[in-house]
Every structure is written in C-alpha cells, then in structure tokens.
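Report on the structure
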Number of protein chains: 2
Amino acid sequence: MNNFEFYNPVKIIFGKGTIAKLREQLPRNARILMVYGGGSIHRNGIYKQVTDALNGFQYGEFSGIEPNPHYETCMKAVDKVHKEGFDFLLAVGGGSVIDATKFIAAAALCDGEPWDFFIRKKPVEKALPLGVILTLPATGSEMNERSIISRVETNQKLGLHSQKLYPKFSILDPETSYSLPKRQIANGVVDAFIHVVEQYLTYPVDSPVQDYYAEGLMRTLIDEGRKVLLYPNDYNVRANLMWAATNALNGLIGCGVPQDWSSHRMGYGLTTEYGMDHAQTLAIILPGVMEFKKKEKEQKILRMGNVLFNIHEGSVDERIARTIGEVERFFRHMGLKTRLSEVGLGEEAIEAVAMPIEKMQWKLGENENITAEEARKILRLRL
Amino acid sequence: MNNFEFYNPVKIIFGKGTIAKLREQLPRNARILMVYGGGSIHRNGIYKQVTDALNGFQYGEFSGIEPNPHYETCMKAVDKVHKEGFDFLLAVGGGSVIDATKFIAAAALCDGEPWDFFIRKKPVEKALPLGVILTLPATGSEMNERSIISRVETNQKLGLHSQKLYPKFSILDPETSYSLPKRQIANGVVDAFIHVVEQYLTYPVDSPVQDYYAEGLMRTLIDEGRKVLLYPNDYNVRANLMWAATNALNGLIGCGVPQDWSSHRMGYGLTTEYGMDHAQTLAIILPGVMEFKKKEKEQKILRMGNVLFNIHEGSVDERIARTIGEVERFFRHMGLKTRLSEVGLGEEAIEAVAMPIEKMQWKLGENENITAEEARKILRLRL
C-alpha cells in the first residue's frame, strides 16, 4: 500500500424527509444564496421543500447553472454575491450545480483572476462556506473538494480541488431522485461506476480494503443500476445508488492506491466540442482504455472479471476480452452508447480529444504515459 | 436502508515514516501534553521519533495510562493539565491511550464531575484539541469520537461519545506495530473483526454498500491476521491490518444499518472483574451471541458463512453451526481462547457479566431484548 493522507469533513445527512433538517445546519444570521439549475426543482417539489426549510432566513436565488457549468455563468453569480453581500452558498442540484457553487465560493473571495485556479494552479486561500441539497446521484461532488468548470470562450473544461471547497454539509434525500429522467439516472450510474474504475483498474499494490470497497461499489452500481430500470419507485434502490455514488468519489477508495483518470481527461474534449453528456463520453472511451492498456492493467482486469462478472475460465486474453465486453454490455444495458459512430461522430472526434491533451501537455493514466499520440490510438478503437 | 448522519473530520496521515509529519499538524505556540502508556515506546524507538518531531515545541509528558484506562489515572493527567497550562493533547499509543486522552481532553474543560459524562450522559460542551500517533491497530479510536473508561473505585467500565472528541489528526505508521507482542496483535485483529460483526451481523435492511464494506474488512482481517502470524515483518500485512482496524470503527460501515454491540457490553463485566483482555472477552462471548440469537440473525449469519467461509451447502441449521464454528476457529487460530473454562473461570463469571447489565438496566442488541436474564443464558453457552 502507498502512503496517503485522507481528510473529509463533510457532514452527510442521509434519508427520507431530510431536507427539513436544512434549518439546523445553517448558521444563524447567514445571508444565503441558493444556487440551482434549470428549474426542474420547481416542478418536482424540491424548491418548495428547500424554501420552506429556509423560512425565516435571509436568502436570495441564482438559477441557470447549466450542465458542465460555465465559468461565464458562475462569474455572474459571483457578481450577485458581491453586490448583495451573501456569505453562505446553498447548492440545490446535482454535480454541475455543486461544482459551480464551489467555484463561486472560491471566486467570490479571490484576489485576481479566478480562472488562474485552473490554468495556473493558483491555490484557493479562502472560500465562502457552502452546503448542498443533492438531487442527482452521480458525481460525488457532494462529499468531495473537487470542482470541474467549462469556459466557453476558450473551449476548455478543467478541474480544481481544494480543502477549502468541502461542503459543510450535504443533505442526501434519495426521494429527490424519483423525478429524474431515465437518461440522467443512467448517466449517474455509469459516471459513478467509472469513478470507481479510475481508482481501481490500475496495477495491484496489495490493498485489500480498498479493493473490496471498490468492488462492493461496482457490484452495487451494476445490481441497483439494473434494478432502477425495472423498479423506478423502489426507495432502497434509489438510496443504494445515491450512497454508492457518493462513496465512489469521496476519496476513501483512492487512499494509498494508484489512480488512472485518463478516461475522464479524454472525455472532456468530447464534451467541450460536441456538448456530449459526461457519462456518455466515459462509456465510449473506457473500453478503449481497457483494451489499449490491457497489459499494464492485466491483473486488475482479471480480478474485476472474476469478481463482477464471474469470468473464471479461459486464457488471459479471452478473460480480458470478455471482461471488457461485460463492462460495455452494462453501459449499453443502462441505455448509453459505447462507440463514436453511434453518436454520429467519426475521425474528427479523435482530434477533439487529442488537441486539449497536446495543448496542456498532459501525460495521463496511472503510469503517466498517455499523451495525445496514445489518446488518438485509444479513440481509434472506439470509432 | 435506514436514515443516518455521518460526520468524521479526522485527518489521517498513513504510511511509513509519517511520524516526522507531526510537526506540520501541530498548532504553533501550542503547549502540548504527550500522553502515553507503560514505557514500551521508549524501547521501540517511537518515543524518540515523536520527541524529535516535537523539537522546538513546548511540551510535557504524562505516562502510565494502563490498558482499560482508569478514571483515576486520567484525573491525575487532568490535574497536570490544569497546573501546567497545556492546551493540546497528543496521544501516543493504542486504543487505551487514545480513549484516555479523549476523556482527559473533555474532563480538563468540564465544569462539575466528569464521571457524569458516563453515568448521567452529560454532554461534552468543550474539550481540548487532541492529536494521535497510533502504535497498535485495534480499536479504531484514532478515527472516532468514542472513549471507554474504567473506574476502579466503583468497578465500572463505561463509554462516552461526542463530536468534540474527534482527533484533529491521527498519524498511522504501520511500522510502529512491528515491535508489538504477538498477543497484542492477535487481540487487535479479533477486536477489529468483532467491531465489524457488531455492525453487520444483525438483520438485513437492503444496504449493499455497507454489507460489502463490512465483508471486505472481515475478509481482510481474517487473511491478513493469518499472514501476520507467518510473516510478522511484512509491511503490507501490517499496513492492511492497521487500515482495516481503523475502518472497522470510524462510523462508515454502521451508516444506515442496525447495530448490535451486545458482546462488547457483556464483555466489560469480565474485564472489570477479572482484568481480562478486551478482545479475549469478545472471543468468548460472540459465539454465544451468535448461537443464542441465531433466529434473529439468521439471514446475516448465512450470508457471512457464504462470503467469508464458503459455506454454501447443508440445512440452515447446519450452515449456521458451521459458520459459528469457523468464527471460533479463526479466534483460536489467532491464539485466543473461546470458552470461560479455558481462562480458568466457571459459573461465577456469569454473574460478573449479568450484574452490570442488571444495575444499568441495559437492554442490549439490535432488537434491545438482551437483559441480564438473556446474558446469563448466553454466558452459560460459553462455560
């Protein structure tokens, strides 16, 4: 096992009816800015639950955070914070809203240009405190210190992390997810699954706790992911998906083990260029990474096939091929596509992925050996 | 899954050579009281590593914390804190030292009688900040808010928990465990295993993430526990045991599931009356709880037998009996006894267990139906 540090002070309040507990979590006299997305919370009753809980507090609203949230939109919220003097942010939404709120929290107290957090790795010295009402299980942002923001002007999608950006609390009521469209649920399951894969499917370092945890999350996401398609109104299915997605990226399973994240970094190019759903980019790219890196990842792919898909027999090559096939089949079962051609893209998409890698001179993957050149080869496998 | 809250802000610094990182964790200008046990840290070099890291800080020492730490000893440390004006506590040791340090931290700032924390459930309003250098993987105290203290005068062993008692940081260097006697290592493995059992072996509530996590920890403790007897100098074995023991009681696997804890509460009587090692009390009592509660725990015992011991065939009764047998065999393999007669005790021990339960009017177990009467029946199974 490798040395590591782990610190995660987010308070999780989980379960049915927990939005009413929001009141107890907020500082008295806080001036709260509620940040949310496109208005679905008005239709599904969450807006009412939240504003009922905010009754008596001073608060304002900023709506219109888009999927893959834009720097430009967030900076409008920063203006509102400055003009109206808010000192606490409340994200009500999924990963995009939470990521945006984290960035707003840091940018509001930033001297200088906030985009430098992303391109110059300028550290976040201070940030407004924030809380979360989660409405979409997927990204894990509700229990981590990460934020990913897209800048339209420069066609970039980049990440930031800072311990200053941990939410003070996150309220996870699985019932909020009932009204989500099937596509968003399926995207969330696949996104969370691949978060686990990025921290698991590398090379072994003799870390059974982390491996068992990761396998437990992947098994849960596969089983409950299939169930949610059949029984969309089953509370336990919703609860198990939500808790699995949070655990998939709260830092715990990544302690002391190598991490990959190349599928994520390659996927950003497809999102900025074509507006493709984040999970959809991953479902296309991951099987290519597994195939291209099958020698480096051999032991973990074999273990994954064994544990998740009962693949015990055949040659090493056969077992690897079957495991990649099963992963792809799971994504397809959830309704995602797994080839560029299926989403109407061809060779042109290869450069959309390779160019940002070349520009940023990234060397991706647990062995830091995926450059633009290797990315092109991986994408070619997914035409 | 049941509703739950989870909050654990302990910063973990894990790995080889990490004691040197102590300096970065301590507040400048802190007046630090280092709290430790019987002096083994002088022999194994840990004292030197810690005091080297404390070079330049103002610090004092309080040694002599015993296993199952005494209220009376802790109150002497409280006196020292008051007289010499310490404002930060540093626990260097295993669960006993950490539990004692937590109680000292609360008692030092307590108005009134600190024993009221235990017997009157008086809340901890404030406590001195504390940090931990862990030297013995077992109790999980390094990453939780719990403290268990024994009062010699009244022959009581009682627990306390408060969010004010989370360590600010815990440094976990698996190399500190190399010099531990085999008995302490074995006790730690069994203690951690039973911490998991107390949060797992109840009744199912459809919580796959928690179940997979718990099973992963139990599998790790069984496998690495056997390995540590064969390969005591293997770093990864030590590291995996230490991380598993911490995870066994940091609150995570207990989220949203019923919990038992009856073996622990019954075991306290054997420790206060006969000075028996905590883990040894558990190894004797747990098989009795499993046998006595086999109908209430049936589904989870069958699952445990299947996952941990490959027990797939036979009648329900046979599979339960074999699973209990395998658990007992594991404890014996680690060198612990599993019957009262083996540690020289007879029927008199039954009352030592039953009396505190009667006195405190406890109703133990996940179904709150183990009173002194049932405890007598359980202990009778372990003569």
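Preceding this section is the structure that the text describes.
Residues numbered from 1 in each chain as written. Chains lettered and ligands numbered in written order. Predicted model: local features only at pLDDT ≥ 70, side-chain atom pairs only at ≥ 80, totals over all residues. Heavy atoms only, no water.

**With respect to the interface of chain A and chain B**
Basically, it comes down to this: Here, two residues are considered to be in contact whenever any of their heavy atoms come within 4.5 Å of each other. Throughout, the accessible surface (probe 1.4 Å) given up by two parts as they are put together, summed over both, is called the buried area. Salt bridges are defined by distance alone: a side-chain nitrogen of Lys or Arg within 4 Å of a carboxyl oxygen of Asp or Glu. We call two N or O atoms a polar contact when they sit within 3.5 Å, provided that within protein one can donate a hydrogen and the other can accept it, with sequence-adjacent residues counted only if both atoms are side-chain atoms. Counting from the N terminus, the helices are the DSSP runs of H or I reaching at least four residues and the strands are the DSSP runs of E reaching at least two. Residues are sorted three ways: Asp, Glu, Lys and Arg are charged, Ala, Val, Leu, Ile, Met, Phe, Trp, Tyr, Cys and Pro are nonpolar, and all the rest, Gly among them, are polar. Any two strands are treated as partners once DSSP identifies two or more bridges connecting them.
Of the residues lining the interface, 42 residues belong to chain A; the matching set on chain B comes to 42 residues. Summing both sides of the interface, chain A and chain B together bury roughly 3600 Å²; the carbon and sulfur share of this comes to 55%. With a closest N to O distance of 3.8 Å, B:E5 and A:K11 form a salt bridge. Connecting chain A to chain B are 15 residue pairs in polar contact (both at pLDDT 80 or more). Of all the elements in the fold, those that place two or more residues in the side of chain A that touches chain B are strand 1 (4–6), strand 2 (11–14), helix 8 (208–230) and helix 9 (235–248) of chain A. Its residues assigned to classes, the side of chain A that touches chain B shows 23 nonpolar, 11 polar and eight charged. Pairing of strand 1 of chain A with strand 2 (residues 11–14) of chain B involves three bridges; the strand directions are antiparallel. Paired with A:F4 across the bridge in strand 2 of chain B is B:F14.

**A short note on the sheet that holds strand 9 (residues 169–172) of chain A**
Sheet strands line up and pair through hydrogen bonds in the backbone, either parallel or antiparallel. Just so we agree on the cut-off: Axis lines are fitted through C-alpha atoms, for helices just across the contact stretch, and the angle between N-to-C directions can take any value from 0 to 180 degrees.
Strand order in the open sheet formed by seven strands is 4(A)-3(A)-5(A)-6(A)-9(A)-2(A)-1(B), and the pairing between neighbours is mixed. If you trace the sheet from one side to the other, it starts and ends with strand 4 (58–62) of chain A together with strand 1 (4–6) of chain B, each paired once. Put simply, the sheet's adjacent strands are angled 15 degrees from each other on average, direction ignored. Strand contacts of helix 3 (residues 46–53) of chain A: strand 3 (31–36), strand 4, strand 5 (88–93) and strand 6 (130–134) of chain A, with the helix running at about 175 degrees to strand 3 of chain A, the strand carrying the most contacts. Seen against the sheet, helix 5 (residues 95–107) of chain A touches strand 3, strand 5 and strand 6 of chain A and runs at an angle of roughly 165 degrees to strand 5 of chain A.

**Quick word on the environment of A:K337**
Inspection of the secondary structure puts A:K337 in the loop between helix 13 (316–333) and helix 14 (348–360). Ignoring sequence-local partners within four residues, the contact set of A:K337 consists of A:Q280, A:A283, A:I284, A:E342 and A:V343.

**So, helix 11 (residues 278–292) of chain B**
Residues and elements named next belong to chain B. Which entries qualify depends on this criterion: Here, expected helix span is obtained from the residue count minus one, scaled by 1.5 Å. The angle separating two fitted axes, one through the seven residues that finish at a residue and one through the seven that start at it, defines the bend at that residue. For every residue, the accessible area obtained with a 1.4 Å probe (protein chains only) is divided by the maximum for its type, and the residue is called buried under 20%, exposed over 50%, and partly exposed between those limits.
Relative to the 21 Å expected for 15 residues at 1.5 Å per residue, helix 11 spans 21 Å between its end C-alpha atoms, a close match to the ideal helical length. Its axis deflected by about 30 degrees at I285, helix 11 carries its strongest bend there, up to four residues before the proline P287. The buried count for helix 11 comes to 13 of 15 residues, which makes it a mostly enclosed element.

**Points about the packing of helix 7 (residues 182–200) of chain B against helix 9 (residues 235–248) of chain B**
How two helices pack is summed up by the angle between their axes together with the distance between the axes. Residues and elements named next belong to chain B. Cut-off, in case you're wondering: Crossing chirality is assigned from the near helix's rotation relative to the far helix, an anticlockwise turn below a right angle marking it left-handed and a clockwise turn marking it right-handed.
Running from N to C, helix 7 and helix 9 cross one another at 40 degrees; their axes reach a closest spacing of 9 Å. For the pair helix 7 and helix 9, the sense of crossing is left-handed. Every residue of helix 9 that contacts helix 7 at I185, V189, A192, H195, V196 and Q199 is listed here: R238, L241, A245 and A248.

**Examining the sheet that holds strand 4 (residues 58–62) of chain B**
Spatially, the seven strands line up as an open sheet ordered 1(A)-2(B)-9(B)-6(B)-5(B)-3(B)-4(B), and their pairing is mixed. Because the sheet does not close on itself, it has two edges, and the strands there are strand 1 of chain A together with strand 4 of chain B. Each strand of the sheet is rotated relative to its neighbour by a mean of 15 degrees, with strand direction disregarded. One ladder, built from five bridges, connects strand 3 (residues 31–35) of chain B with strand 4 of chain B; its direction is parallel. Residue pairing across strands places B:M34 opposite B:E61, the latter belonging to strand 4 of chain B. This element, helix 9 of chain B, spans strand 1 of chain A together with strand 2, strand 6 (130–134) and strand 9 (169–172) of chain B of the sheet and lies at about 170 degrees to strand 2 of chain B.

**A few points about the nonpolar core**
Generally speaking, a soluble globular protein has its nonpolar side chains buried in company with each other. Just so we agree on the cut-off: Residues enter a nonpolar core if they are buried and are Ala, Val, Leu, Ile, Met, Phe, Trp, Tyr or Cys, with the set joined through side-chain atoms within 4.5 Å.
Core analysis: the biggest nonpolar cluster contains 232 residues, and A:F193, A:M266, B:F193 and B:M266 have the highest contact counts within it. Dropping the residues within four chain positions of it, A:F193 is found in contact with A:M218, A:L221, A:I222, A:M304, A:L308, A:V327, A:F330 and A:F331.

**A closer look at the relation of the copies chain A and chain B**
Keep this limit in mind: Superposition of the copies was done by least squares, using only C-alpha atoms of residues whose pLDDT is at least 70 in both.
Once chain A is rotated about the relating axis by 180 degrees and shifted along it by 0.0 Å, it coincides with chain B to within an RMSD of 0.0 Å. Read as a symmetry element, the transformation amounts to a two-fold axis. Every residue of chain A has its C-alpha some distance from the rotation axis, and the shortest such distance is that of A:P9, at 2.0 Å. Counting the interface residues of chain A, we find that 100% of their copies in chain B are interface residues as well, pointing to one common contact surface.

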